[in-house]
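A structural walkthrough
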Protein chains: 2
Amino acid sequence: MRDEDGAAPLEPPPGESPIVVLVRPQLAENIGATARAMANGGLFHLRLVAPREGWPPEGSRDSRAWATASGAGRILDAAKVFPDLDSALADCHRVFGTCPRPRHVVTPVLTARGAAAELREFGARDLRHAILFGPERAGLEAEDLARCDALVRYPLNPEFSSLNLAQAVMVLAYEWWTAADATPPRILQTHKTEVATKGEVENLMEHLLAELDACGFLRNEAKRPGMVRNLRHWFMRGEITEQEVRTLHGVVAELSRGRMRRGRPD
Amino acid sequence: MRDEDGAAPLEPPPGESPIVVLVRPQLAENIGATARAMANGGLFHLRLVAPREGWPPEGSRDSRAWATASGAGRILDAAKVFPDLDSALADCHRVFGTCPRPRHVVTPVLTARGAAAELREFGARDLRHAILFGPERAGLEAEDLARCDALVRYPLNPEFSSLNLAQAVMVLAYEWWTAADATPPRILQTHKTEVATKGEVENLMEHLLAELDACGFLRNEAKRPGMVRNLRHWFMRGEITEQEVRTLHGVVAELSRGRMRRGRPD
């Protein structure tokens, strides 16, 4: 395995992450793009069954596959080649097969998310597990599917379900990574101390209201409470930071001073 | 819009699905691959801001972009081109920007799944909504991000977060489609009536046990209950179908008959 590429993922212990098995892949570029997608999702182990162009393609590790891998060349360096599917799966405890189209087979069918959750379980139980992806156009054959514990069918537009090979790997790798990720669906990216307190926002409101009273903007006593409330709602909704409060104090002050300078008190 | 491609998605009503905005995309192939990923996830509306190679690239609709779109050419046919980001977003109510690396900006950050859920809400409220993807290497710039209501950062391997453009679109399109999908994470793909009843399985067990008694396999009376229970566990775990029960009746009968024929009663 080569060492020079600092961005490449380190090899995880076997059994911890799923083995990606490309069955009869046709194009070297797609094998490289698969490696890149695997690295994005933290996968490492790649097996190739009877790749059409041989392996390494063009007899060299300096080829199209390594170019499209785009920094994930280590995965290609460590890839293992097998003449047939049975030899590729011989040491695996569990095998899933991706299968975009419905087939009349009596096998459990998982969504990508369901599959990711079960793959994580296999890892936790130290079961060596693999997921198969078929050749670019045809997909896995019935004989391949009969070797799978379950099939994986992504929920996608049924009117346009033909996925690029590396994109199929991407979705699985993404779901696998996400299955162990606890990022909340929405966060405000500030340090806690950067968010302004209610008191700081209220100071700003008072500064603004004083200037608005001074220039007569709030002169209609009947409408004043509603107008003030509308402004307050808008300030509260924005989840304002301390820095923004300071900036807005400056904006209010400068606008008022400009009005003064131009001699237009309203 | 061209009509000849029956596999291409139909145009959904505006506002119903997010507009994908590619900001300063560099390669025509990636624009085509983006269209294919959009079609996979049921998206249709594509806007291009200042594409480096112009649009259509090479002055023709019969180019690399249409080749990599692989049947999703209608999305490219209907794509709109804008000279700058502000003109591309002028009619949009909500805008998200994808941003793989942490930036020091005060903007909410969503996961892909969180973003998909919020995009679905915008659609339900008839708000025209867009999601921005930056140029291949550099990603969106600070000026682009300042135009976004929220940033989207996928949970992915932080040591290898550089995503291919079309794969970034794929993950978002996949999440958007999945957000409205109710497929259970695991199903057994049979008609309900094809799954064998407990009575059918029990008949098979009795057939098998009778033959095993006849050949003496269960002759150890002390071990017999445990051996029978083990066999029963295995039959129950497999979620067997009616067809499989019939096949297995045949297997048991033929094995017994073969044993008889070879004159080896045990």
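Structure report, in brief. All figures in this text were calculated on a predicted structure; none of them were measured in a lab.

Parameters and conventions
Sequence positions are assigned chain by chain, starting from 1 and proceeding in written order. Chain letters and ligand numbers both follow the written order, the letters beginning at A and the numbers at 1. Predicted model: local features are reported for residues with pLDDT of at least 70 only, side-chain atom pairs are reported and counted for 80 or more only, and whole-chain, interface and lining totals are derived from all residues. Neither water nor hydrogens contribute to the side-chain values; these are computed over all heavy atoms in the structure. We call two residues in contact when some of their heavy atoms are within 4.5 Å. Salt bridge, as used here, is a side-chain nitrogen of Lys or Arg placed within 4 Å of a carboxyl oxygen of Asp or Glu. Two N or O atoms form a polar contact when they lie within 3.5 Å of each other; inside protein one atom must be a possible hydrogen donor and the other a possible acceptor, and for residues adjacent in sequence the pair counts only when both atoms belong to side chains. Least-squares superposition aligns the copies on the C-alpha atoms of those residues with pLDDT at or above 70 in both. Helix and strand labels come from DSSP, where a helix needs a run of H or I of at least four residues and a strand needs a run of E of at least two; each type is numbered from the N terminus. Residues enter a nonpolar core if they are buried and are Ala, Val, Leu, Ile, Met, Phe, Trp, Tyr or Cys, with the set joined through side-chain atoms within 4.5 Å. We call a residue buried when its accessible area falls under 20% of the maximum for its residue type, exposed when it is over 50%, and partly exposed in between, using a 1.4 Å probe and counting protein chains only. Pairing between strands requires that DSSP locate at least two bridges from one strand to the other. As a rule, the C-alpha atoms of each element are fitted with a line to give its axis, helices using only the stretch in contact, and angles between N-to-C directions run from 0 to 180 degrees. Ring pairs shown here join Phe, Tyr and Trp side chains whose ring centres sit within 6.5 Å, with only the six-membered ring taken for Trp; geometry is labelled stacked below 30 degrees between planes, edge-to-face above 60, and tilted in between. Whether a charge sits over a ring depends on NZ of Lys or CZ of Arg being within 6 Å of the ring centre and within 35 degrees of the ring normal.

**Observations concerning the interface of chain B and chain A**
Taken together, the contact between chain B and chain A spans 58 residues of the former and 58 residues of the latter. Across the chain B-chain A interface, the total number found is 4 salt bridges. A salt bridge links Arg186(A) to Glu118(B), with the shortest nitrogen-to-oxygen separation between them at 2.7 Å. One can count 22 residue pairs in polar contact (both at pLDDT 80 or more) joining chain B with chain A.

**Things to note about the relation of the copies chain B and chain A**
Turning chain B through 180 degrees and shifting it by 0.0 Å along the axis lays it on chain A, with an RMSD of 0.1 Å. The symmetry that links the two subunits is that of a two-fold axis. In this assembly, 100% of the residues forming the interface of chain B have copies in chain A that are likewise at the interface, indicating an isologous arrangement.

**Some details on the environment of Ala138(A)**
Tracing the chain through its elements places Ala138(A) in the loop between β6 (129-133) and α6 (142-145). Placed 24 residues apart in sequence, Ala138(A) and Ser162(A) show a C-alpha to C-alpha distance of 10.0 Å.

**Thoughts on the nonpolar core**
Leu46(A), Phe133(A), Tyr154(A), Leu46(B), Phe133(B) and Tyr154(B) are the most contacted members of the largest nonpolar core, which totals 88 residues. Excluding its chain neighbours within four sequence positions, the residues that come into contact with Tyr154(B) are Tyr174(A), Thr98(B), Ala112(B), Phe133(B), Leu163(B), Ala168(B), Val171(B) and Leu172(B).

**Structural notes on the sheet that holds strand β1 (residues 19-23) of chain A**
The strand order β3(A)-β2(A)-β1(A)-β6(A)-β4(A)-β7(A)-β5(A)-β8(B) describes an open sheet built from 8 strands, whose pairing is mixed. Pairing within the sheet leaves two strands with one partner each, and these edge strands are β3 (80-82) of chain A together with β8 (186-188) of chain B. When strand polarity is set aside, the average angle formed by the axes of neighbouring strands in this sheet is 25 degrees. Here 3 bridges tie strand β4 (residues 94-98) of chain A to strand β7 (residues 150-152) of chain A, and the two strands are oriented parallel to one another. Across the sheet, the residue bridging to Gly97(A) is Leu151(A), located in β7(A). With respect to the sheet, helix α5 (residues 112-124) of chain A is in contact with β4, β5 (108-110), β6 and β7 of chain A together with β8 of chain B, its orientation differing from that of β4(A) by roughly 160 degrees. Relative to β6(A), helix α7 (residues 165-178) of chain A is tilted by about 150 degrees, and along the sheet it contacts β1 and β6 of chain A.

**Details of the sheet that holds strand β6 (residues 129-133) of chain B**
Taken in spatial order, the 8 strands make up an open sheet running β8(A)-β5(B)-β7(B)-β4(B)-β6(B)-β1(B)-β2(B)-β3(B), and their pairing is mixed. In this open sheet, the two strands that pair with only one neighbour each are β8 (186-188) of chain A together with β3 (80-82) of chain B. The average undirected angle you get between the axes of adjacent strands in this sheet is 25 degrees. Where strand β2 (residues 46-49) of chain B lies against β3(B), 3 bridges are found, and the strand directions are parallel. Along β3(B), the bridge assignment pairs Arg47(B) with Lys80(B). Running over the sheet, helix α7 (residues 165-178) of chain B touches β1 (19-23) and β6 of chain B and is turned about 150 degrees from β6(B).

**Focus: unusual backbone geometry**
Leave glycine aside and you will find that most residues have negative phi; peptide bonds, for their part, are mostly trans. Residue Pro56(A) follows Trp55(A) across a cis peptide bond; omega there is -10 degrees. For Pro56(A), the position within the fold is in the loop between β2 (46-49) and α2 (64-69). Its identity is not glycine, yet Ala50(A) carries a phi of approximately 45 degrees, on the positive side. Take Ala50(A): it is sitting in the loop between β2 and α2. Here Ala50(A) falls in the partly exposed class, since its relative accessible area comes to 34%. Not every positive phi belongs to a glycine, and Ser70(B) is a case in point at roughly 50 degrees. Counting through the fold element by element, Ser70(B) comes out in the loop between α2 (64-69) and α3 (73-77). For Ser70(B), a relative accessible area of 32% corresponds to the partly exposed category.

**Looking at the pairing of β6(A)**
Residues and elements named next belong to chain A. Here β6 lies mainly inside the structure; 5 of its 5 residues are buried. In β6, alternate side chains face the same way, and those of His 129, Ile 131 and Phe 133 on one face and Ala 130 and Leu 132 on the other are all buried. Two elements, β1 and β6, share 4 bridges in a ladder whose sense is parallel. In the strand pairing of β6, Ile 19 is matched with Ala 130. Sheet topology note: the β4/β6 ladder contains 4 bridges and is parallel. Bridge pairing in β6 links Val 95 to Ala 130.

**Thoughts on the environment of Arg246(A)**
The residue Arg246(A) is located in helix α10 (residues 242-261) in this model. Residues Arg246(A) and Glu200(A), 46 residues apart in the sequence, show an inter-C-alpha distance of 9.2 Å.

**Quick word on the packing of aromatic side chains**
Residues and elements named next belong to chain A. Tallying each qualifying case throughout the model produces 8 aromatic pairs over all chains. With centroids separated by 5.3 Å and ring planes inclined at 65 degrees, the aromatic side chains of Trp 234 and Phe 235 adopt a geometry described as edge-to-face. Note on Trp 234: relative accessible area 52%, which makes it exposed. Judged by its relative accessible area of 9%, Phe 235 is buried. When the ring centre of Trp 176 is taken as reference, the NZ or CZ atom of Arg 120 above it lies at 3.6 Å.

**Some words on the side chain of Glu118(A)**
Assignment of secondary structure puts Glu118(A) in helix α5. Classification of Glu118(A) by relative accessible area gives buried; the value is 15%. When neighbours within four sequence positions are excluded, Glu118(A) is seen to be in contact with Phe96(A), Leu110(A) and Arg186(B).

It is worth stressing that arrangement in space is one thing and function is another; only the former is reported here.
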